[in-house]
Amino acid sequence: MENSFNAENKKLKDLEKNHLADEKGAMTTDQGVKINDDHNSLKAGDRGPSLLEDFILREKITHFDHERIPERIVHARGSAAHGVFKLTTSLAGHTKAKLFTEVGKEVPVFARFSTVAGSKGSTDLARDVRGFAVKFYTEEGNYDLVGNNIPVFFIQDSMNFPDLVHAVKPEPHNEIPQAASAHDTFWDFISLMPESMHMIMWTMSDRAIPRSFRMMEGFGVHTFRFINEQNKSTFVKFHWKPKLGVHSVMWDEAQKISGKDPDFHKRDLWNAIESGDFPEWELGVQLVPEEDEHKFDFDLLDATKLIPESEVPVQLVGTLTLNKNPDNFFAETEQVAFHPGHLLPGIDFTNDPLLQGRLFSYTDTQLSRLGSPNFHEIPINRSVNPVRNNQRDAHMRMQINKGASSYHPNTIGGGCPYQAMMQDGGFHSYEERIDGKKIRTRSSSFMDHFSQARLFYNSQTKTEQQHMINALQFELSKVKRAHIRENMINQLTNVSLDLAKEVAQVLGVELPNSPVAPVNESKPADADDAHYASVVRDPRTTTDDALSIIKNVKNADKSRKIGFISTGAYSSDRLKSITEKVEMAGSKLMVVAPTLGNIRNSEGHKVKVDETLFNTASVLYDAIIVGDEAKSSEEILANSKVKEFVMDAFNHCKPILVLSDATTFIDELGLPCCRESMKSAAELYIDTDTDTFMASLRKHRHWEREELS
Ligand code: HDD
């Protein structure tokens, strides 16, 4: 049986190989017949009608007519890459999954990052959650960790998922807006779902506008179970920590990037991998012994809650490296089918009602997207462990099952494929004791919707809080119906009265003096009134530094794109030394000039131009270097494109190194913040020497600049 499978697999692989080889040879029809003319249809006479018998034309057009498959209902826009996962610390005490016990072994993976709300062709820089899905091709079968870059979710029960998605997608009557939550239906739904407030705090934070897929955290979101050899269970939450640190862009910047380069994240991931700058993440786990299940003031089964890292530290146990771009977007990135139910022996679900619904949804959606229960045979979805069972036939079956038996038990096939004993790796669900009534309700342990929203808001720096206020002002001011804006302000009063006040003042909404129970707040039937009120309106203000991006900035000088803006001549020595420092830090300097080709430096040598002032923009760089010693600041800034470059970089708080006379440069720029009292370069966080510039780069942004205007 094993041999026949292997032979079959080899045959499929050979077929694939031959197919690839054929692309170098003569063109053929899908039936393998060599094509002599691929440009002219068969006609009756040189000006006559085309003939139905033209099987070459018909085949070409029929195939073309069927090229598209439905895009994903959510997470339609994505980018993916191949890579490896390597375990550094064994979790053998907690799980028997070899993926988490065999230290040092390289397991192949395929990871796909995505936005949620937009269509396949939408912009990368939408304010949105990012999907972070990883498929591990292990010897025990495929394991999928289908998470997001935010550790919690909008809703607690999968019953609400279709409504959430309908609300955030473009409105049904006019299909507007694309890839944006700033519209009435989304905020109407959110304003009626108090449980969404924690996640809203995250999506209104800079987490929802990442600088790069390579600079986001990932989270499994739900609490899962590990099961060890002794069948003991430990609760586990999964985390991905990017080695490049977590970094985001600003909202104004995000909107401009969406116009200048809607493929910004896709391109960034692709280029990094092509250039050998392989993105890496560490896998972290938060482990909770089963006996501690009820020791938290929230329910581990509630996906709108996280376990604060200050309460249960994240242990780093392995490394994910993405090192190869897909060969074909459709075959791999589009056809990959993730599923939170693709599990290994040693890992199991919990009764999180959001997770339970997902277990149905993902197979179901593949049936309509990929068209057949044989989607596991598409190369990107194939398990490296041979697949043997009695599932048969259906559309597009690739595997040629041999033998006369396709059932179990059997004698004709020698009893094969046989059921694996537990000790031989047979999957065995955790024997959780369940004793309850069949009821359609929400547990009272899920009722606190605001404590962690407050925890998140309170853990942010002032800058981050201001970005959240700005985001809410932007989003809610796009809402046309006044009652929805009011309902949202009521919701926000339960997170922070200050936050609610700041947002309310630009919405023309009157602010209540104390927290207001949101519309539709549903108190569980069994909850005691006083207890409920104290939990829901708990004024505690705890913090957790792990929730802030700014408090954890690291490696911001690595893998960055720095624009050297030139209008002509500059000192080669200066450029050489800057380039060396930037490259030593692991970043890249790109020369941007008025035209492509070469520019000449002050010594007359040619320097290659990478991009022009017309085909690129300041928002596509992490930092800029501008000015040159051979030209006056007036001359440099006479070019309006250069001025625009600097102004955007300044407003987006990016590191700026000015090589010409900085005082005149700043004067010529005419920054609104310094018209009245001329400020020095240092006061404006503009650098004039390379070392300070490199230090600025390490900070990611000069957020202090936001307070200047
Ligand atoms: Fe989902 C896709 C992540 C809740 C139903 N989801 C999808 C993808 C990610 C997530 C990363 C894209 C996978 C890829 O790259 O192909 N989803 C999540 C997370 C959730 C979540 C982290 C909450 C913790 N999802 C969720 C619920 C349901 C779905 C509650 C339905 C009951 N999700 C789907 C789906 C998708 C999907 C409709 C669309 C395409 C696909 O599955 O393959 O079935």
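Our structure is the block above this text.
Residues numbered from 1 in each chain as written. Predicted model: local features only at pLDDT ≥ 70, side-chain atom pairs only at ≥ 80, totals over all residues. Heavy atoms only, no water.

Participant: Could you give an account of the overall build of the protein chain, with specific residues and numbers?
Facilitator: Within the protein chain one finds 19 helices and 17 strands. For 709 residues, the compact-globule formula gives about 27 Å, and the C-alpha radius of gyration of the protein chain, at 29 Å, lands near that figure. Expressed as lengths along the three principal axes of its C-alpha atoms, the size of the protein chain is roughly 90 × 85 × 55 Å. For the protein chain, the residues scored as buried account for 52% of the 709 residues in total. Across the protein chain, the fraction of contacts at a sequence separation of at least 24, relative to all contacts at a separation of at least 6, is 73%. Counting 82 positive and 102 negative side-chain charges, the protein chain places the averaged centre of each group 3 Å from the other. (Helix = DSSP H or I, 4+ residues; strand = E, 2+ residues; numbered from the N terminus. Rg over C-alpha atoms; globule rule 2.2 N^0.38 Å. Buried < 20%, exposed > 50% of the residue type's maximum accessible area, 1.4 Å probe, protein only. Contact = heavy atoms within 4.5 Å. Lys, Arg positive; Asp, Glu negative; His and termini not counted. Charge placed at Lys NZ, Arg CZ, Asp CG, Glu CD.)

Participant: Would you mind going over the nonpolar core in detail, with residue names and values included?
Facilitator: Nonpolar side chains tend to gather and get buried jointly when the protein is soluble and globular. Counting residues in hydrophobic clusters, the biggest one holds 52 residues, and the most contacted among them are Phe154, Trp187, Ile200, Met201, Leu472 and Leu492. The set of elements that each furnish at least two residues to this core consists of helix H3 (161–168), helix H4 (184–191), helix H5 (197–203), helix H10 (451–458), helix H11 (462–477), helix H12 (482–493) and helix H13 (497–504). Of the residues that make up this core, three or more belong to each of domain 1 (48–381) and domain 2 (450–550). The residues contacting tryptophan 187, other than those within four sequence positions of it, are Ser181, Ala182, Ile200, Met204, Leu472, Glu475, Leu476, Val479, Ile484 and Met488. Judged by nonpolar contacts, the second largest core, of 37 residues, contains Ala97, Tyr143, Leu287 and Ile347. (Core = buried A, V, L, I, M, F, W, Y, C linked by side-chain atoms within 4.5 Å. Domains from an automatic or database assignment.)

Participant: So what about the coordination of the iron atom of the ligand? Which residues, and what values?
Facilitator: A lone protein donor contacts the iron atom of the ligand, and this donor is Tyr362 (OH), found at 1.8 Å. Note that tyrosine 362 resides in helix H9 (residues 353–369). (Donors = N, O, S within 2.8 Å, 3.2 Å for Na, K, Ca; no water.)

Participant: Residue-level account of empty space enclosed by the protein, with values.
Facilitator: For the coordinates displayed, the defined rule picks out 6 cavities of 30 Å³ or more. Approximately 160 Å³ is the volume attributed to the largest cavity. Contributing to the lining of the largest cavity are 18 residues, with Pro151, Phe219, His239, Leu306 and Glu309 lying nearest its centre. With 3 residues, the single largest contributor to the lining of the largest cavity is strand E7 (residues 233–242). A breakdown of the residues in the lining of the largest cavity according to their chemical character gives 10 nonpolar, 3 polar and 5 charged. Residue lining of the second largest cavity: Asp206, Val246, His247, Ser248, Glu464, Ile549, Ile550, Val553, Lys699, His700 and Trp703, and that is the complete set. (1 Å grid on protein atoms, 1.4 Å probe; cavity = no way out; pocket = protein on both sides within 12 Å on 5 of 7 lines; lining within 4 Å. Points joined across faces, edges and corners; volume = space filled by probe spheres on them. Nonpolar A, V, L, I, M, F, W, Y, C, P; charged D, E, K, R; others polar.)

Participant: Quick one: what's the story with the packing of aromatic side chains, residue by residue and with numbers?
Facilitator: This structure, assessed with the given rule, holds 24 aromatic pairs. Relative to tryptophan 187, the ring of phenylalanine 186 lies with its centre 5.1 Å away and its plane at 80°, an arrangement referred to as edge-to-face. Phenylalanine 186 gets classed as buried once you look at its relative accessible area, which sits at 2%. Classification of tryptophan 187 as buried rests on a relative accessible area of 0%. Through successive ring pairs, a cluster of aromatic residues spans Phe85, Phe100, Phe113, Phe132, Phe136, Tyr143, Phe213, Phe224, Phe226, Phe238, Trp240 and Trp281. (Phe/Tyr/Trp six-rings, centres within 6.5 Å; stacked < 30°, edge-to-face > 60°.)

Participant: Describe the pairing of strand E8 (residues 280–289), listing the residues and the values that go with them.
Facilitator: With 7 of its 10 residues buried, E8 lies for the most part within the structure. Note: E7 against E8, 9 bridges, orientation antiparallel. If you follow proline 242 over to E8, its bridge partner there is tryptophan 281. By the bridge criterion, 6 bridges tie E8 to strand E9 (residues 315–324) in an arrangement that is antiparallel. Note on E9: the bridge partner recorded for valine 285 is glutamine 315. (Pairing = 2+ DSSP bridges.)

Participant: Just give me the short version of the site of the ligand, but keep the residues and values in it.
Facilitator: Taken together, 22 residues sit near the ligand, with Arg72, Arg112, Arg358, Tyr362 and Gln366 positioned nearest. One of the side-chain N or O atoms of histidine 75 is found 3.4 Å from a nitrogen atom in the ligand. The side chain of arginine 358 places a nitrogen or oxygen atom 3.2 Å from a nitrogen atom of the ligand. Among the elements that make up the shell around the ligand, the one with the highest residue count is H9 (7 residues). (Near = heavy atom within 4 Å. Polar contact = N/O pair within 3.5 Å; in protein donor to acceptor, adjacent residues only side chain to side chain.)

Participant: With reference to specific residues and values, describe the sheet that holds strand E12 (residues 588–593).
Facilitator: The strand order E15-E12-E11-E16-E17 describes an open sheet built from 5 strands, whose pairing is parallel. Both outer strands of the open sheet, strand E15 (611–612) and strand E17 (656–658), are each paired with one neighbouring strand and no more. The sheet strands contacting helix H19 (residues 690–699) are strand E11 (561–565), strand E16 (623–626) and E17, and the helix crosses E16 at an angle near 160°. (Axes fitted to C-alpha atoms, helices over the stretch in contact; angles between N-to-C directions.)

Participant: For the pattern of salt bridges, give the residues involved together with the corresponding values.
Facilitator: Where charged atoms from two side chains of opposite charge come close, those side chains can pair. Scanning the entire structure with this criterion turns up 40 salt bridges. Its salt-bridge partner being glutamate 377, residue arginine 397 comes within 3.3 Å of it at the nearest N-O pair. Here arginine 397 is found in the loop between H9 and H10, whereas its partner glutamate 377 is found in the loop between H9 and H10, with 20 residues between them in sequence. Taking the shortest distance from any N to any O, the salt bridge between lysine 608 and aspartate 610 comes out at 3.2 Å. Lysine 608 gets classed as exposed once you look at its relative accessible area, which sits at 56%. A relative accessible area of 29% places aspartate 610 in the partly exposed class. Linked by salt bridges that have partners in common, Arg211, Arg214, Asp268, Asp277, Arg560 and Asp622 make up one network. (Salt bridge = Lys/Arg side-chain N within 4 Å of Asp/Glu carboxyl O.)

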